[in-house]
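Structural overview
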2 protein chains.
Amino acid sequence: MYTVYGDRKSGNCYKVELVLHQLGLPYEWRAIDVLKKETRTPEFLALNPNGQVPLLVNADGNALPESNAILGYLAEGSGLVPADRMARAQMLRWMFFEQYTHEPNVAVARFIVAYLGRPPEHEETLRQKIENGHKALAVMERHLEKHSFFAAERYTIADIALYAYTHVAEQGLIELARYPAIHAWMERVRRQPRHLPMQA
Amino acid sequence: MYTVYGDRKSGNCYKVELVLHQLGLPYEWRAIDVLKKETRTPEFLALNPNGQVPLLVNADGNALPESNAILGYLAEGSGLVPADRMARAQMLRWMFFEQYTHEPNVAVARFIVAYLGRPPEHEETLRQKIENGHKALAVMERHLEKHSFFAAERYTIADIALYAYTHVAEQGLIELARYPAIHAWMERVRRQPRHLPMQA
């Protein structure tokens, strides 16, 4: 049995729940409200000094933060991770792309609009996040014009990592209409067995 | 034989060269100057549509970007990656921490100061990067007060990933004097067999 500390508004937390659900792994969900700063309490900081959700705790009591590290841990040896060494490296490559180039823009734009209520003092930041979010989506679109998924031509945890915030990008005013290959890929992701929609 | 497209000013590129050197793997280094925008030429963008170095090309001609994905690929099955599943997940956790929380602050502060020459219009960004860089270093310090390395109590690619920009943080005006555990860890990293100093 796993315990997940998570906020269902967060795409990073959604990734973890989607993998647990698709792999049929039992878990208990402990709701943490980021907006109420529940990741900043002394109790939570003792579990994760970096003060972020999601956080996975396994049956031995080991606490693992970082959404994409959790995906790698849970999915190891499953059909969601390719066996070939270079394919696995390409999967990891897209997961680092997601955390470095995609999430800091696409997720933060959504956070500013949908959760902070688009305050005027963040307008310039929002503009930059939308612009850089489109650059990340353009890199994805170019890849998906030639490939059905991000690695190994099949559904892996790289697709889960990138789907989480891409499919709600418009909540951050990042319009997806110009990305037909991304639309087709999102539909392929939603057609996977045991797909779980985001519950935000 | 590997080919690495890299810029020796970049800590992300240094990570890759350090791993290749420590594992004794043969490689050819192709110098790419980021400041001269050589990552934005049509030729380079054909290799990596995200326009970044480092980029590894293996003997089969497969191109792999993202420094930490390259580390994972090169070091798989070596002594730089723990065999235990949770230890490997913790290693990956610190590598995602490095790319999400550490590098965007510590590396960017260094870039603004050491390579852009600290232009006045970036002063507020620099202040934020220094402040957030210290937050990342404080998380590392807290971990290293109790542990000799980031995962499995031994030197892994997580240490290489975090060493790359930490040891040159002061070039970005992020003072390291307040972090004795980080100092001791950096010394342990430098004492590893076949350590290679950064050549910037």
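Residues numbered from 1 in each chain as written. Chains lettered and ligands numbered in written order. Predicted model: local features only at pLDDT ≥ 70, side-chain atom pairs only at ≥ 80, totals over all residues. Heavy atoms only, no water.

**Examining the interface of chain B and chain A**
The interface of chain B with chain A comprises 35 residues on the first partner and 35 residues on the second. Summing the contributions of chain B and of chain A, the shared interface buries around 3300 Å²; its carbon and sulfur component is 61%. The largest per-residue losses of area from chain B upon contact with chain A belong to Arg85(B), Phe96(B) and Tyr100(B), which jointly make up 23% of the total buried on that side. Across the contact surface, chain B and chain A share two salt bridges. The partner of Arg88(A) in a salt bridge is Glu76(B), and the shortest N-O contact between them spans 2.2 Å. Here chain B is connected to chain A by eight residue pairs in polar contact (both at pLDDT 80 or more). Every element with two or more residues in the side of chain B that touches chain A is listed here: α2 (42-47), β4 (63-65), α3 (67-75), α4 (85-115) and α5 (123-144) of chain B. (Contact = heavy atoms within 4.5 Å. Buried area = accessible area lost by both parts, 1.4 Å probe. Salt bridge = Lys/Arg side-chain N within 4 Å of Asp/Glu carboxyl O. Polar contact = N/O pair within 3.5 Å; in protein donor to acceptor, adjacent residues only side chain to side chain. Helix = DSSP H or I, 4+ residues; strand = E, 2+ residues; numbered from the N terminus.)

**Notes on the pairing of strand β2 (residues 27-31) of chain A**
For strand β1 (residues 2-6) of chain A and β2(A), the ladder comprises five bridges, and the chain directions are parallel. Considered in β2(A), the bridge of Tyr2(A) is made with Tyr27(A). (Pairing = 2+ DSSP bridges.)

**Regarding the domain arrangement of chain A**
Residues and elements named next belong to chain A. Once the domains are mapped, chain A shows domain 1 (2-75) and domain 2 (85-190). One C-alpha centre belongs to domain 1, the other to domain 2; they are set 21 Å apart. Contact with domain 1, which involves 16 residues of that partner, is made by 15 residues of domain 2. Across the domain 1/domain 2 interface, buried area totals approximately 1200 Å², and carbon plus sulfur atoms make up 64% of it. A salt bridge links Glu98 to Lys15; the shortest N-O distance between them is 2.8 Å. Sorting the residues of the side of domain 1 that touches domain 2 by element identifies α1 (11-22) and α3 (67-75) as the ones contributing at least two each. The greatest single-element share of the side of domain 1 that touches domain 2, amounting to seven residues, is contributed by α1. A breakdown of the residues in the side of domain 1 that touches domain 2 according to their chemical character gives six nonpolar, seven polar and three charged. (Domains from an automatic or database assignment. Nonpolar A, V, L, I, M, F, W, Y, C, P; charged D, E, K, R; others polar.)

**Observations regarding the sheet that holds strand β1 (residues 2-6) of chain B**
In any sheet, the strands associate via hydrogen bonds between backbone groups, in a parallel or an antiparallel arrangement. All names here are of chain B. Pairing is mixed in the open sheet, where four strands are placed in the order β2-β1-β3-β4. Of all strands in the sheet, those bounded by a partner on one side alone are β2 (27-31) and β4. The average angle at which neighbouring strand axes cross in this sheet is 20°, direction not considered. Packed on one face of the sheet, helix α1 (residues 11-22) meets β1 and β2 and runs near 160° to β2. (Axes fitted to C-alpha atoms, helices over the stretch in contact; angles between N-to-C directions.)

**Overview of the pattern of salt bridges**
Residues and elements named next belong to chain A. Evaluated as defined, the whole model comprises 22 salt bridges over all chains. Asp7 serves as the salt-bridge partner of Lys9, at 3.1 Å between the closest nitrogen and oxygen. You can call Lys9 partly exposed: its relative accessible area is 22%. Taken together, the shared-partner salt bridges connect Asp7, Lys9, Asp33 and Lys36 into one network. (Buried < 20%, exposed > 50% of the residue type's maximum accessible area, 1.4 Å probe, protein only.)

**Considerations on the packing of aromatic side chains**
Considering all chains together, one arrives at 17 aromatic pairs over all chains under this definition. Ring centres 6.1 Å apart and planes at 35° place the aromatic pair Phe111(B) and Tyr115(B) in the tilted group. With Phe111(B) and Tyr115(B) both in helix α4, this residue pair falls four residues apart, about one helical turn. Residue Phe111(B) is classed as partly exposed on the basis of its relative accessible area, which comes to 32%. Grouping aromatic residues by their ring pairs yields a cluster made of Tyr14(A), Trp94(A), Phe97(A), Phe150(A), Tyr163(A) and Trp185(A). (Phe/Tyr/Trp six-rings, centres within 6.5 Å; stacked < 30°, edge-to-face > 60°.)

**Digging into the side chain of Asn48(A)**
Of note, Asn48(A) is situated in the loop between α2 (42-47) and β3 (55-57). On the basis of relative accessible area, Asn48(A) is assigned to the buried category, the value being 1%. In this structure the side chain of Asn48(A) is engaged in a polar contact, spanning 2.9 Å, whose partner is the backbone oxygen of Gln52(A). Excluding its chain neighbours within four sequence positions, the residues that come into contact with Asn48(A) are Leu55(A), Pro65(A) and Arg93(B).

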